[in-house]
Amino acid sequence: MRIAVTGSIATDHLMNFPGRFADQLVADQLHTVSLSFLVDRLDVRRGGVAANIAFGMGQLGTGPILVGAAGSDFDEYRAWLDRHGVDTESVRISETLHTARFVCTTDADHNQIGSFYTGAMSEARLIELKTVADRVGGLDLVSIGADDPEAMLRHTEECRTRNIPFAADFSQQIARMEGEEIRILLDGATYLFSNEYEKGLIESKTGWSDAEILSRVGHRVTTLGAKGVRIERVGEEPIEVGCPEEERKAEPTGVGDAFRAGFMSGLAWGVSLERAAQVGCMLATLVIETVGTQEYQLRRGHFLERFTKAYGDAAAAEVRVHLG
């Protein structure tokens, strides 16, 4: 199964504030917020939703095709992804702009405040999926993640025109999108990904109810934080999968991307939706235990041991045959 992962490619600058954001906010002065947080740690890491997802899929051996735009400073990042099983030949390199950058501060309660500089990502709108499909011999699924909004719209319309199944995954871009754009991007999606908060925001902005949205997509996949994930389909009972027990909670950035990587790897393997969600939750747990979105190590024995503990011997037996 050939899966193209579109979306942002970025460098993450991750900082930790030892206090609580909530303690610094004055209720009647929120309209004039002016705050500076003295942080006690800075980690510079590789990131971007598409690159994070592709890295996770590469770790699981499913050979994802990364589709996005980066700057001339991408060479070292490309080499890293190539070494970890990602096809980077469809990444567009800008002649004038730097690779996008995400700057994020996390407080003691794991709340986050972040900013994103688009940089070369603005050129993702120039990428045609047909060129990608022709190079690899066709596409079975395109994940359309947070990216330049024009690129997201173009990729969605091209998938519809060329009858390529696609997954709608707006994540960080929901905040800047209007209802009509969101309606266009989700209508006809094979999978709609969001977290619980984004789920409500999608419904609020589109004016569509949960049932109306579900009628327009094949599967609605909602991550529930520490509670796991829920998968809904019209006329079917929801599938709910919990998360494995965490060994520690280091940093939450990239957890959602890791879930998507595991879930789509499960789709590529041809396992059930429940099993795919379990793989996603296991990979997400590895990420939350690590600082950085691509710094975790997927060791086959360790992965299977923890997967078995969380989901049982039968589930692990199904997954074992697909892990390299």
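J.: What should I look at first to understand the overall build of the chain in this one?
T.: Helix and strand counts for the chain come out as 11 helices and 13 strands. At 19 Å, the chain has a C-alpha radius of gyration in line with the 20 Å of a compact globule built from 324 residues. For the chain, with 324 residues in total, the buried portion stands at 53%. Within the chain, counting contacts between residues at least 6 apart in sequence, those at least 24 apart form 67% of the total. Here the chain displays about 14,300 Å² of accessible surface, and carbon together with sulfur accounts for 47% of that area. With 33 positive and 48 negative side-chain charges, the chain shows a separation of 3 Å between the mean positions of the two kinds.

J.: It is not clear to me how the side chain of Asp-12 should be interpreted in this structure. Could you clarify?
T.: Position of Asp-12 among the secondary structure elements: in strand S2 (residues 10-16). Filtering out sequence-adjacent residues up to four positions away, Asp-12 remains in contact with Asp-43, Val-44, Arg-45, Arg-46, Gly-47, Gly-48, Phe-102, Thr-253 and Thr-293.

J.: When you look at the side chain of Asp-43 in this model, what are you seeing that I'm missing?
T.: Looking at the secondary structure, you find Asp-43 in strand S3 (residues 41-47). For Asp-43, the side chain forms a polar contact with the side chain of Arg-45, separated by 3.3 Å. When near neighbours in sequence (up to four residues on either side) are disregarded, Asp-43 contacts Asp-12, His-13, Leu-14 and Val-291.

J.: Looking at this structure, I do not really get the packing of helix H10 (residues 300-311) against helix H11 (residues 313-320). What am I missing?
T.: Packed helices, taken two at a time, are described by the angle their axes make and the gap between the axes. Where H10 meets H11, the closest approach of the two axes is 7 Å, and the angle between their N-to-C directions is 150 degrees. The hand of the H10/H11 crossing is right-handed. Seen from H10, the contacting residues are Arg-300, Phe-303, Leu-304, Phe-307, Thr-308 and Tyr-311; seen from H11, they are Asp-313, Ala-315, Ala-316, Val-319 and Arg-320. Looking at side-chain class alone, the contact of H10 with H11 contains seven nonpolar, one polar and three charged residues.

J.: It is not clear to me how the sheet that holds strand S11 (residues 219-223) should be interpreted in this structure. Could you clarify?
T.: Here nine strands make up an open sheet; going across it, the order is S5-S4-S1-S8-S9-S10-S11-S12-S13 and the pairing mixed. The strands lining the two open edges of the sheet, one partner per strand, are strand S5 (91-93) and strand S13 (239-241). Ignoring which end each strand starts from, the neighbouring axes of this sheet average 20 degrees apart. Taken together, the four bridges between strand S1 (residues 3-6) and strand S8 (residues 141-144) define a ladder with parallel strand orientation. Residue pairing in the sheet places Val-5 in a bridge with Ser-143 of S8. Along the sheet, helix H4 (residues 149-161) contacts S1, S8 and strand S9 (166-168); its crossing angle with S8, the most-contacted strand, is approximately 160 degrees. On top of the sheet, helix H8 (residues 255-269) reaches S1, S8, strand S10 (191-195), S11 and strand S12 (229-232); it is set at about 155 degrees to S10, its chief contact.

J.: When you look at unusual backbone geometry in this model, what are you seeing that I'm missing?
T.: Apart from glycine, the bulk of residues carry a negative phi angle, and the bulk of peptide bonds sit in the trans form. In the Ramachandran plot, His-110 falls in the positive-phi region, its phi being about 70 degrees despite a non-glycine side chain. Checked against the element boundaries, His-110 lands in the loop between strand S6 (100-106) and strand S7 (112-117). For His-110, a relative accessible area of 29% translates into the label partly exposed. The backbone of Asn-163 sits at a positive phi, close to 55 degrees, despite the residue not being glycine. Considering the arrangement of structural elements, one finds Asn-163 in the loop between H4 and S9.

J.: Sorry if this is basic, but what is going on with the pattern of salt bridges here?
T.: Inspection of the entire model under this criterion finds 25 salt bridges. A salt bridge links Arg-92 to Glu-123, with the shortest nitrogen-to-oxygen separation between them at 3.0 Å. Of this pair, Arg-92 sits in strand S5 while Glu-123 is found in the loop between S7 and helix H3 (129-136), placing the two residues 31 residues apart along the sequence. Judged by relative accessible area, which is 14%, Glu-123 ranks as buried. Notably, a salt bridge pairs Arg-220 with Glu-203, separated by 3.1 Å at the nearest N-O pair. Pair noted here: Arg-220 is in strand S11 and Glu-203 is in helix H6 (residues 196-206), with a separation of 17 residues, a long-range link. Each member of the salt-bridge network shares a partner with another, and the members are Arg-41, Asp-43, Arg-45, Arg-46 and Glu-295.

J.: Just checking my understanding: could you explain the pairing of S2 for this structure?
T.: Taken residue by residue, a regular strand's side chains alternate between the two faces of the sheet. Of all seven residues in S2, six are buried; the element is thus mostly enclosed. In the sheet, S2 pairs with S6 via seven bridges, with the strands oriented parallel. Residue Leu-14 lies in a different strand from S6, and its bridge partner there is Cys-104.

What counts, and at which threshold
Residues numbered from 1 in each chain as written. Predicted model: local features only at pLDDT ≥ 70, side-chain atom pairs only at ≥ 80, totals over all residues. Heavy atoms only, no water. Helix = DSSP H or I, 4+ residues; strand = E, 2+ residues; numbered from the N terminus. Rg over C-alpha atoms; globule rule 2.2 N^0.38 Å. Buried < 20%, exposed > 50% of the residue type's maximum accessible area, 1.4 Å probe, protein only. Contact = heavy atoms within 4.5 Å. Areas by Shrake-Rupley, 256 points an atom, 1.4 Å probe, with all protein chains shown as cover. Lys, Arg positive; Asp, Glu negative; His and termini not counted. Charge placed at Lys NZ, Arg CZ, Asp CG, Glu CD. Polar contact = N/O pair within 3.5 Å; in protein donor to acceptor, adjacent residues only side chain to side chain. Axes fitted to C-alpha atoms, helices over the stretch in contact; angles between N-to-C directions. Left-handed = near helix turned anticlockwise from the far one by under 90°. Nonpolar A, V, L, I, M, F, W, Y, C, P; charged D, E, K, R; others polar. Pairing = 2+ DSSP bridges. Salt bridge = Lys/Arg side-chain N within 4 Å of Asp/Glu carboxyl O.

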